Amino acid sequence: MLRQSRRAVDALLVLLVHGHMGNSPGSEEAMSIEDIARKVSDRYAKAVKTGEQICCPTNYDMTTMRSFIPEEVLKVSYGCGTPAGLKTVSAGETVLDIGSGGGIDSFEAARLVGPSGQVIGIDMTDAMLDIARRNAPSVTANLGYASLNVEFRKGLADALPVQDNTIDLIISNCVINLAPDKRRVFAEMFRVTKPGGRFTISDIATDQTVPQYLVHDSGKWGDCLSGALTLSEYMAGMVEAGFLGIHVIKSSPWRIIDGIQFFSITLTGYKLFEQTTNSAVQYATLCGPFSRVVDERGMTYHRGIPQPIKSDSAVLLSLSSLAPHFVLSIDPLWLNRDDARWSAVFPAEKPCVWMGHFALLAGPFLEVADDDYHVYSRGTPLEICSKTLQVLETESYAPHFVCLNRAGQPVSGESVSCSPDGGCC
Ligand SMILES: C[S@@+](CC[C@H](N)C(=O)[O-])C[C@H]1O[C@@H](n2cnc3c(N)ncnc32)[C@H](O)[C@@H]1O
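Computed from a predicted structure; not experimentally measured.

Next up on the list: the overall build of the chain. A count of helices and strands for the chain gives 12 helices and 20 strands. For the chain, the residues scored as buried account for 54% of the 425 residues in total. Partitioning the contacts of the chain with sequence separation of at least 6, the portion at a separation of at least 24 is 73%.

Structure (structure tokens):
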């Protein structure tokens, strides 16, 4: 799995260094990583001057934002989510905003960490840094803080000007897709995060690999298209860097280009403490709703059956996104269907209808099985019928899936019976 993920992220990198970028028809010029960064930077510097709107709808609480952030900053908000606004930031924390732009999320984080916290925004584009730096004193005054708790540094996402193990929370809004060397960005994120720290980032991802003709279209890098990773590559790259408990906490469709779905995701993950002492926990029993799951360390759990675990697995399974699925115990503990902790969601007893829906497992597990013979791998689209869609939209399944519709034309919606016993497809 890790080898696969490395290949996926490598593929993008190698391609960019050695590939022909086709800057103009017939051009044989190869574009380097530096060229891509420069073009992206020029694009954002130009947008600041022209007032061009780039990227995607966000969902800020504008009444709150306008109450303390100057209009000049709000005008250059180019994000695709609200990573600082999702109850992810706590008072007193040190927050790093990668690709801080005009500073909108850094300023929201500065409000949420309070005067005892600290925020560092990093960006490579002078025009963006100028806006953020110019407005920081007004934000501080509007918040009523005695001194600045936010600073903006010039730097690249793949060479962060930040000390090792110093950051509680990394946020980033629509930036990493623009960085040519994602593997280095993920490694840098891991380096600067404190053990026990985490990231919450919004970005653009796809349901399938962006083809070469788009990757090599230098103009589309700044549009958040050419550099987008598939959801599965994105999460695998984070695991490769060392983060765990990775899952999508929010997603929304953005654009469909040549059949490729680009969607905005907000993703979170953790740098766990190294486990030095043995935990008292010896067993983990999966409660459901999945009948089987594989965690990011490759350990398989079957619902109701106690699985012996080591202390590092106990730490992983205790994360807030995984804990509700397990009973951790000192002695083996079986759960049967009568136990209130055992859970399952069965499909309705009716024929299936194929409407073009696909489901992508959003984590934090690498693989899960439901009660209808479907096996979902993280980030990989699996075609599902309407009956299965209903199951995945239930309260217990919904947080674990990104569902999208790939049908580019009307479908008849005729029902089918998929298996001899009438089971679901
Ligand atoms: C789409 S804008 C988003 C800005 C800001 N996060 C927001 O939500 O408004 C991307 C920003 O990331 C910066 N950026 C892009 N690639 C970068 C890189 N490799 N290193 C540092 N900054 C980068 C650009 O200069 C730009 O300010």
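What follows is about the sheet that holds strand S19 (residues 401–405). One open sheet accounts for 3 strands, arranged S18-S15-S19; its pairing is antiparallel. In the strand order of this sheet, the two ends are held by strand S18 (382–383) and S19, each with one partner. Where strand S15 (residues 357–361) lies against S18, 2 bridges are found, and the strand directions are antiparallel. Each bridged residue has a counterpart across the sheet, and for alanine 359 the counterpart in S18 is leucine 382.

Glancing now at the nonpolar core. Grouped together as the largest cluster of nonpolar side chains are 47 residues, with contacts concentrated most on Ile69, Val95, Phe107, Ile204 and Phe262. Residues contacting isoleucine 69, with those up to four places away along its chain left out, are Leu74, Ile104, Phe107, Glu108 and Val139. Formed by 37 residues, the second largest nonpolar core is a distinct cluster that contains Ile176, Ala205, Tyr234 and Val248.

Attention now moves to helix H2 (residues 33–50). Over its 18 residues, H2 runs 26 Å from end to end, which matches the ideal 26 Å to within 8%, given 1.5 Å per residue. Burial in H2 covers these residues: Ile33, Ile36, Ala37, Val40, Ser41, Tyr44 and Ala47. Along the axis of H2, the buried residues cluster in a sector spanning 130°; they form a single face. Turned more than 90 degrees away from the buried face of H2, the exposed residues are Glu34, Lys46, Lys49 and Thr50.

The sheet built from 4 strands is open, its strands ordered S11-S10-S16-S17 with antiparallel pairing. The open sheet has two free edges, formed respectively by strand S11 (300–302) and strand S17 (375–377), since each of these has just one partner strand. Ignoring which end each strand starts from, the neighbouring axes of this sheet average 10° apart.

Moving on to the packing of aromatic side chains. The tally for this structure, following the rule as stated, stands at 11 aromatic pairs. Measuring from centroid to centroid gives 5.7 Å for tyrosine 44 and tyrosine 78, while their planes differ by 50°, and the two rings are tilted. Within this pair, whereas tyrosine 44 is found in helix H2, its partner tyrosine 78 is found in the loop between helix H4 (71–74) and strand S1 (94–98), the two being separated by 34 residues in sequence. For the pair tyrosine 44 and tyrosine 78, one class covers both residues: buried. Centroid distance tyrosine 301 to phenylalanine 326: 5.0 Å. Interplanar angle 70°. Geometry classified as edge-to-face. Of this pair, tyrosine 301 sits in strand S11 while phenylalanine 326 sits in strand S13 (residues 326–329), placing them 25 residues apart in sequence. On the basis of relative accessibility, which here comes to 7%, the residue phenylalanine 326 falls in the buried class. Here the aromatic cluster, defined as three or more aromatic residues joined through ring pairs, consists of Phe290, Tyr301, Phe326, Phe365, Tyr376, Tyr397 and Phe401.

A separate point is the packing of helix H7 (residues 182–192) against helix H10 (residues 231–241). Contact geometry for H7 and H10: axes closest at 9 Å, N-to-C directions at 45°. Taken together, the axis directions place H7 and H10 in an arrangement best described as oblique. Here H7 and H10 pass one another in a crossing that is right-handed. Residues Arg183, Phe186, Ala187, Met189 and Phe190 of H7 touch H10, and the partners they reach there are Tyr234, Gly237, Met238, Glu240 and Ala241. Within the contact of H7 with H10, the residues separate by chemical class into 7 nonpolar, 1 polar and 2 charged.

All right, on to the side chain of threonine 285 then. Within the fold, threonine 285 resides in strand S9 (residues 283–286). A distance of 2.7 Å separates the side chain of threonine 285 from the backbone oxygen of leucine 333, its partner in a polar contact. Residues within four places of threonine 285 in sequence aside, it is in contact with Gly304, Ile305, Pro306, His325, Phe326, Val327, Leu333 and Leu335.

With that out of the way, let us pick up the site of the ligand. The environment of the ligand is made up of 23 residues, and the closest members are Tyr78, Gly99, Asp123, Thr125 and Ala157. Within the backbone of methionine 124, an N or O atom sits 3.4 Å from a nitrogen atom of the ligand. Coverage of the ligand by the protein amounts to 99% of the 590 Å² it exposes when considered alone. Grouping the amino acids of the shell around the ligand by side-chain chemistry returns 13 nonpolar, 8 polar and 2 charged.

Glancing now at the packing of helix H5 (residues 104–113) against helix H6 (residues 126–143). Axis angle and axis distance: for two packed helices, these are the angle between their axes and the distance between the axes, and together they describe the pair. It is at 11 Å that the axes of H5 and H6 come closest, and there the two elements cross at 30°. The angle between H5 and H6 places the two elements in the roughly parallel class. Relative to H6, the crossing made by H5 is right-handed. For the pair H5 and H6, contact is made by Phe107, Ala110 and Arg111 and by Ala132, Asn135, Ala136, Val139 and Leu143, respectively. Partitioning the contact of H5 with H6 into residue classes produces 6 nonpolar, 1 polar and 1 charged.

Moving on to the pairing of strand S4 (residues 167–173). With 7 of its 7 residues buried, S4 lies for the most part within the structure. Both S1 and S4 contribute to a ladder of 4 bridges, which runs parallel. Paired with aspartate 97 across the strands is isoleucine 171, a residue of S4. Of the pairings in the sheet, the one linking S4 to strand S5 (residues 193–206) comprises 6 bridges and is parallel in character. Looking at S5, one finds that isoleucine 167 is bridged to threonine 193.

Inspection of the secondary structure puts isoleucine 246 in strand S7 (residues 244–257). Distance in space between the C-alpha atoms of isoleucine 246 and methionine 235 is 6.7 Å, their sequence separation being 11 residues. With near-sequence residues (within four places) excluded, isoleucine 246 lies in contact with Phe199, Met235, Met238, Val239, Leu267, Thr268, Gly269, Glu296, Ala362, Gly363, Pro364 and Arg378.

The rules behind each value
- Residues numbered from 1 in each chain as written.
- Predicted model: local features only at pLDDT ≥ 70, side-chain atom pairs only at ≥ 80, totals over all residues.
- Heavy atoms only, no water.
- Helix = DSSP H or I, 4+ residues; strand = E, 2+ residues; numbered from the N terminus.
- Buried < 20%, exposed > 50% of the residue type's maximum accessible area, 1.4 Å probe, protein only.
- Contact = heavy atoms within 4.5 Å.
- Pairing = 2+ DSSP bridges.
- Core = buried A, V, L, I, M, F, W, Y, C linked by side-chain atoms within 4.5 Å.
- Expected span 1.5 Å × (residues − 1).
- Arc of directions from axis to C-beta.
- Axes fitted to C-alpha atoms, helices over the stretch in contact; angles between N-to-C directions.
- Phe/Tyr/Trp six-rings, centres within 6.5 Å; stacked < 30°, edge-to-face > 60°.
- Parallel < 35°, antiparallel > 145°, perpendicular 65-115°, else oblique.
- Left-handed = near helix turned anticlockwise from the far one by under 90°.
- Nonpolar A, V, L, I, M, F, W, Y, C, P; charged D, E, K, R; others polar.
- Polar contact = N/O pair within 3.5 Å; in protein donor to acceptor, adjacent residues only side chain to side chain.
- Near = heavy atom within 4 Å.
- Areas by Shrake-Rupley, 256 points an atom, 1.4 Å probe, with all protein chains shown as cover.

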